[in-house]
Each structure stands twice: as structure tokens, then as C-alpha cells.
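Summary of the model geometry
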Amino acid sequence: TVLFYDGFGFDDRGLVLIYLKALAEAGFQVTYVTVRHARGHQPRLEKAVEGYPVHWVYLPTAQGRLASLKGLHQAFADCCPQAAFFYTLPYDLPGTMAFDRWKGFTVRYQVDLTDHAFWMGKYAFDYCLSLRKLGASIAVHHREIPQEQIRMLPYYAPIDKEIPFEGFPFPAEGKKVIFSGGDLYKTLGDPELTYYKMVRSLLDRHPDTVFLYAGRGDDSQLNLVEKEYPDRVFHISERKDLYQVLRHADLYLNTYPMFGGMMMNYAALAGRPPLTLKHDHDADGLLFNQENLRVEFDTPDQLLEEADRLLSDSAYRDSREEELVESVITKERFTAQLKQLVET
């Protein structure tokens, strides 16, 4: 039996879908514990593990932290798991306390989802699952987690290639589409607003392009660009057919100063180079052989030069597809490595 604690309760965001599906397919009895407001709002997750021995537990989060702590502790006591996964927000106090309390009774794994920022719970796990080398380095050298407690397990983006393309919110015939996405805060916080300067440069250099952004948040800067380039800039909400949107786009521009890690995976799987302007080493190691993929750039000019070539040379763009698709861990490999992790 494996307990998986999900402090988010999302349906198709983050890594819960790939972890829960992999644990179920690996043959484990899974107790999935999540927040109360997730009930009835996770259709994709429920479908992914339909027919597998997965028991759902909802915590009484609306009743306060103490009730959540007691509920999670009771879930542990009810199933007595061999292994337990800690996947949650950086400031989850009840989750941290419950996992800390079960030290010695189960093998506890923390999924280091927020490897680039602060999180509490250094003693709430036996093994820290790093998604990339940078996260492992931060864990050892800055969080002072012993190296023998680190395990590396890259992730894949849970793409449903069968969802049909829903189209663009504009006539796309004769146009090249530059796509970007993620929570809009990732494009803000830079005093120079470098991200929006790059968008303007691309639109100026390529009059036959349209810029499409999918995501939520503060769109004040995006609205300014939209007014400057009427009928060429569009803002939409998140899309279920993300893979098809990427496949129908000609270029993917990553957010800056905060990168989109999952979006880099999505773009690579769709064969679109996730053009990323470096911000320190924040986005390092998210793809296999990333340093040789020509997706990270030190300056905006370097990124724009590569974008120019991708937009003007379709043969060059097509030649890069295969190496990008192979830069992401496969579902089968992820499942096998997670199974090995729990068993051995």
C-alpha cells in the first residue's frame, strides 16, 4: 500500500496525474489523500486510474489546519502504507507535521516540486525526489539535506494526444503562430520587461506572425502589446488541447524571468523548441541533454536570432523535432523507475 498526499487538489496541473497513474499501473494499492475542495473536480485524474485499486480520501480542510492534520494522520493510520509521497504547497504546515510524525513507520518521499524556492518540511521525508540536477544541488548545498537522501526522478508532461484541436481564435491561414503560456506572473517582475520586448521584436521582424498567449493572471502588459499590434496579439485561457495548439504553432517562447518547466516539456514533446532566455541557472536540466539542444540563450539577441531561423526555415524547424521529443522521459520509463524506487 502506498499513500499519496496531494496538498493542491488540481486535476490537470502539476505532477499528480503522472505519479498517481504510475503508482496504480505499477501494481500498488494506493490511498490518495487530497483537499476537500477537489471533490468532484478531478475528472481527468479519476479517469486515469479508473479500474485500479485507488482509495480516495478528502481532508476537512475547510475546518482549519488542526482538522486537516488529524484527517491526514488518520489516513496514515487507516492504511498503514509501506511508502508515502509528500506532494504539496511550500507552506503546508499540517502536511509537514503529519509526515514528520510518521517517521520510522513508513518510507516517506517528498516530491521536490518547488526546487527553486523556499519550502518547509526538511524533516518530513526520508528521500527527496529531485526533478533535475539543479534541484538536487540546491537540496544538498543550500537546504543541507544529506546527499544519500536524494533521488533523481525526472518527470514527463501528461499529454493527451487524442484531444482534437479546437482551433485558433483568429484566421490562421497565411499566418505563422508564435505561442507562449503559463501563469502571467512569470512574465513580470523584471524591471526591463524583457519578455514583452522580445514579443514586440518578433512581431516587428516577422509581419506575417500572430502572437498567442494562454494563461491566467495580471495581463496589463499583455494588453498594452495587444493594443500596439491590433489583430495580431491574442490572450486565451488554458487549453485542454495544449499538445495540438503547440503542434499547430510555429514557435514556442518560454516565459521570463520565471521559466515554465512543464511547458518546456510540453513544447519538446510537440517538437517545438522551447526558446528560453536564461535567468541565472533557474531552468537548467529540465530536458535530457538540454545544454546541446539550443533552447537556452544568454541574451535576447541570441534567442531572437534562433527564432528568426525557426520562423523562416521550415526544413530547419522540422529537423529539430526528433531530438526534442527524445529529450523528455517516457511514461514507461517513469513508471518503471518509480516502481523500482518504492520496491528497492
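This section reports on the structure supplied with the text. (Residues numbered from 1 in each chain as written. Predicted model: local features only at pLDDT ≥ 70, side-chain atom pairs only at ≥ 80, totals over all residues. Heavy atoms only, no water.)

1. Focus on the overall build of the protein chain
Helix and strand content of the protein chain: 13 helices and 13 strands. Against the 2.2 N^0.38 benchmark of 20 Å for 344 residues, the protein chain shows a C-alpha radius of gyration of 21 Å, consistent with a compact globule. Seen through its principal axes, the protein chain has C-alpha atoms that stretch 65 × 40 × 35 Å. Across the 344 residues that make up the protein chain, the buried fraction comes to 55%. Counted over contacts in the protein chain with a minimum sequence separation of 6, partners at least 24 positions apart contribute 67%. Only carbon and sulfur atoms are counted for the fraction: they give 50% of the accessible area of the protein chain, which is about 16,000 Å². Both charge centroids of the protein chain, one from 38 positive and one from 49 negative side chains, sit 4 Å from each other. (Helix = DSSP H or I, 4+ residues; strand = E, 2+ residues; numbered from the N terminus. Rg over C-alpha atoms; globule rule 2.2 N^0.38 Å. Buried < 20%, exposed > 50% of the residue type's maximum accessible area, 1.4 Å probe, protein only. Contact = heavy atoms within 4.5 Å. Areas by Shrake-Rupley, 256 points an atom, 1.4 Å probe, with all protein chains shown as cover. Lys, Arg positive; Asp, Glu negative; His and termini not counted. Charge placed at Lys NZ, Arg CZ, Asp CG, Glu CD.)

2. Focus: the environment of F170
Relative to the assigned elements, F170 resides in the loop between β7 (150-152) and β8 (176-181). Owing to a relative accessible area of 9%, F170 belongs among the buried residues under this scheme. Sequence separation between F170 and R232 is 62 residues; the distance between their C-alpha atoms is 8.7 Å.

3. Some remarks on the pairing of strand β3 (residues 54-59)
Of the strand pairs in this sheet, strand β2 (residues 30-35) and β3 are connected by six bridges, and their pairing is parallel. By the bridge assignment for β3, V30 is matched with V54. With helix α2 (residues 43-48) bridging β2 and the parallel β3, this β-α-β connection has right-handed handedness. (Pairing = 2+ DSSP bridges. Right-handed = clockwise from strand over helix to strand, strands pointing away.)

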